Amino acid sequence: MKIISLNGLWLLSKKGYNEDIIANVPGTVHTALLAAGIIPDPFYRDNEKKLMWIGETAWEYRRQFTVDRETLNCERIILKCYGLDTLATIIVNGRQIGTANNMYRIWEYDLKPVLEEGENSIIIQFPAVMPYLRAKDEEFFLPAWGVGEYKINSGGWIRKQPSNFGWDWGPMLVTCGIWRDIEIIAYNKGRISEFNILQDHSKEGLVILDVESRIESTGGHNLKGKLELELAGEILVEEEGVFQDGLAEFQLKVEDPQLWWPKGMGDQPLYTVRLSLFDEEGHELDRQSKRIGLRTLELLQEDDQWGQSFMFVVNGRKFFAKGANWIPADTFVARLKAEDYY
């Protein structure tokens, strides 16, 4: 498998205009305009009012990228967009290959028919969000939950960051852009599309992991998989299986499991579950991994003198859980790093 990152510097412009600015991807239009010194600090005084025009404007990202002959000869070539905010049209070498309408999901598009050896171009157009929402509200009005005199729209017609449209704690800044990684994936024979892990804690001192995995195959290949369970750098158990019709099921038995506990009740050990895909000759085609905690969690509701209890039970032990409300640590979530969350 070959991966070509398209992160980095793109050209950004208002659709229909020839004036470009440099935009860093992942990012948003606001952060690009801010870095270029075109707009003032959105968080200073009432500057948000001066920036409402950004959400009323259609924007366009574009860049060039190079594809060599080896990549072009791969059986499958995919454009993988981990996050597009929010309405988008994707054009490669002058041909539209797809659209998007959801900020929160991953989008994939077939690049094979449109790529050329050597220089290629990609354009991602982001239509203005606010006119779209107003038109939808004319069809059926959705209440806005923002507060304050500058409340603009609920944003409820699209899958987009609700805080963009005003909240009691933050400004109204309607973003758009390539807000997560974007890359080209070229491969032969097959790749892992997903795998799902279920935990069985019904036996004392034993946890059984039932893993269902799916692959995308280019057809006619006998592909095999190997599943490994690792803790603190040590592989504890592994199992091999064959994919039939793109599906394989594995079962791992974890003896003397180290359970995961909420903070204050115990440790939080994390196991790594690693799935590898191999062809007939034993060459590794793809690999994916997940970190999981082994634990049970249930809601306990029993009749009592006040009506019915509402209590959580983890690993068989009752505990008290307070509520909390997490808001985005930055209006422009694309510029947050792991260290910020830490």
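Structure: above.
Presented here is an overview of the structure given in this document. All of these numbers come straight from a predicted model, not from anything done at the bench.

Let us look at the state of the cysteines. According to the stated counting rule, one finds 0 disulfides in the structure shown. Looking at the unpaired Cys 74, the closest cysteine sulfur is the one in Cys 81, lying at 19 Å. Classification of Cys 74 by relative accessible area gives buried; the value is 9%. In this model Cys 176 remains outside any disulfide bridge; the closest cysteine sulfur is found in Cys 81, 14 Å from its own.

Take helix 4 (residues 129-139) next. An α-helix turns once per 3.6 residues; consequently, residues spaced three or four apart project the same way. Buried within helix 4 we find Val 129, Met 130, Leu 133, Lys 136 and Asp 137. For helix 4, the arc enclosing every buried residue in end-on projection is 125 degrees, short of the 170-degree limit, so these residues lie on one face. For helix 4, the exposed residues lying more than 90 degrees away from the buried face are Glu 138 and Glu 139.

Tallying each qualifying case throughout the model produces 19 salt bridges. For the salt bridge of Arg 191 with Glu 216, the shortest nitrogen-to-oxygen distance reads 3.0 Å. In this pair, Arg 191 sits in strand 13 (residues 190-203) while Glu 216 sits in strand 14 (residues 206-217), placing the two residues 25 residues apart along the sequence. Since its relative accessible area comes to 29%, Glu 216 is described here as partly exposed. One continuous salt-bridge network, built from bridges that share partners, spans Lys 80, Glu 108, Arg 191 and Glu 216.

Looking now at the packing of aromatic side chains. Counted by the stated rule, this structure contains 6 aromatic pairs. Ring centres of Trp 326 and Tyr 341 lie 6.2 Å apart, and the angle between their planes is 35 degrees; on these two criteria the pair is classed as tilted. Of the two residues, Trp 326 sits in the loop between strand 24 (317-319) and helix 5 (338-341) while Tyr 341 sits in helix 5, which places them 15 residues apart along the sequence. On the accessibility criterion, Trp 326 (62% relative accessible area) is exposed. Here Tyr 341 falls in the partly exposed class, since its relative accessible area comes to 47%. Positioned above the aromatic ring of Trp 157 is the side chain of Lys 136, whose terminal nitrogen or guanidinium carbon lies 4.9 Å from the ring centre.

Residues Leu 297, Leu 299, Phe 310 and Phe 312 make up a contiguous nonpolar surface patch of about 390 Å² in total accessible area. Relative to the helices and strands, Leu 297 is located in strand 20 (residues 297-300).

On to the environment of Glu 183, then. For Glu 183, the position within the fold is in strand 12 (residues 182-187). For the pair formed by Glu 183 and Arg 274, sequence separation is 91 residues and the distance between their alpha carbons is 22 Å. Apart from residues no more than four positions distant in its own chain, Glu 183 is found in contact with Ile 3, Ile 4, Ser 5, Leu 6, Ile 78, Leu 79, Lys 80 and Tyr 82. Within the local environment of Glu 183, its side chain forms a polar contact with the side chain of Tyr 82, the two groups lying 2.7 Å apart.

Below, the discussion takes up the nonpolar core. Ranked by internal contacts, the top residues of the largest apolar core, which has 43 residues, are Leu 79, Leu 84 and Ile 124. Looking at which element gives the most residues to this core, the answer is strand 4 (residues 59-67), with 4 residues. Sequence-distant contacts of Ile 124, defined by excluding residues within four places in its chain, comprise Trp 10, Trp 59, Glu 60, Tyr 61, Leu 84, Ala 88, Thr 89, Ile 90, Ile 178 and Ile 182. In terms of nonpolar packing, the next biggest core, distinct from the first, is built from 23 residues, Phe 195, Leu 223, Leu 227 and Phe 250 among them.

So, about the sheet that holds strand 23 (residues 311-314). Strand order across the open sheet formed by 3 strands is 20-23-24, with antiparallel pairing between neighbours. A strand with exactly one partner marks an edge of an open sheet, and here the two such strands are strand 20 and strand 24. Strand-to-strand twist of the sheet, defined as the mean angle between neighbouring strand axes without regard to direction, takes the value 35 degrees. The pairing of strand 23 with strand 24 spans 3 bridges and is classified as antiparallel. From the neighbouring strand, Val 313 faces strand 24, where its bridge partner is Lys 318.

Procedures and definitions
- Residues numbered from 1 in each chain as written.
- Predicted model: local features only at pLDDT ≥ 70, side-chain atom pairs only at ≥ 80, totals over all residues.
- Heavy atoms only, no water.
- Disulfide = S-S within 2.5 Å.
- Buried < 20%, exposed > 50% of the residue type's maximum accessible area, 1.4 Å probe, protein only.
- Helix = DSSP H or I, 4+ residues; strand = E, 2+ residues; numbered from the N terminus.
- Arc of directions from axis to C-beta.
- Salt bridge = Lys/Arg side-chain N within 4 Å of Asp/Glu carboxyl O.
- Phe/Tyr/Trp six-rings, centres within 6.5 Å; stacked < 30°, edge-to-face > 60°.
- Lys NZ or Arg CZ within 6 Å of the ring centre and 35° of its normal.
- Patch = residues over 30% accessible without salt bridge, like charges linked within 9 Å, V, L, I, M, F, W, Y side chains within 5 Å.
- Areas by Shrake-Rupley, 256 points an atom, 1.4 Å probe, with all protein chains shown as cover.
- Contact = heavy atoms within 4.5 Å.
- Polar contact = N/O pair within 3.5 Å; in protein donor to acceptor, adjacent residues only side chain to side chain.
- Core = buried A, V, L, I, M, F, W, Y, C linked by side-chain atoms within 4.5 Å.
- Pairing = 2+ DSSP bridges.
- Axes fitted to C-alpha atoms, helices over the stretch in contact; angles between N-to-C directions.

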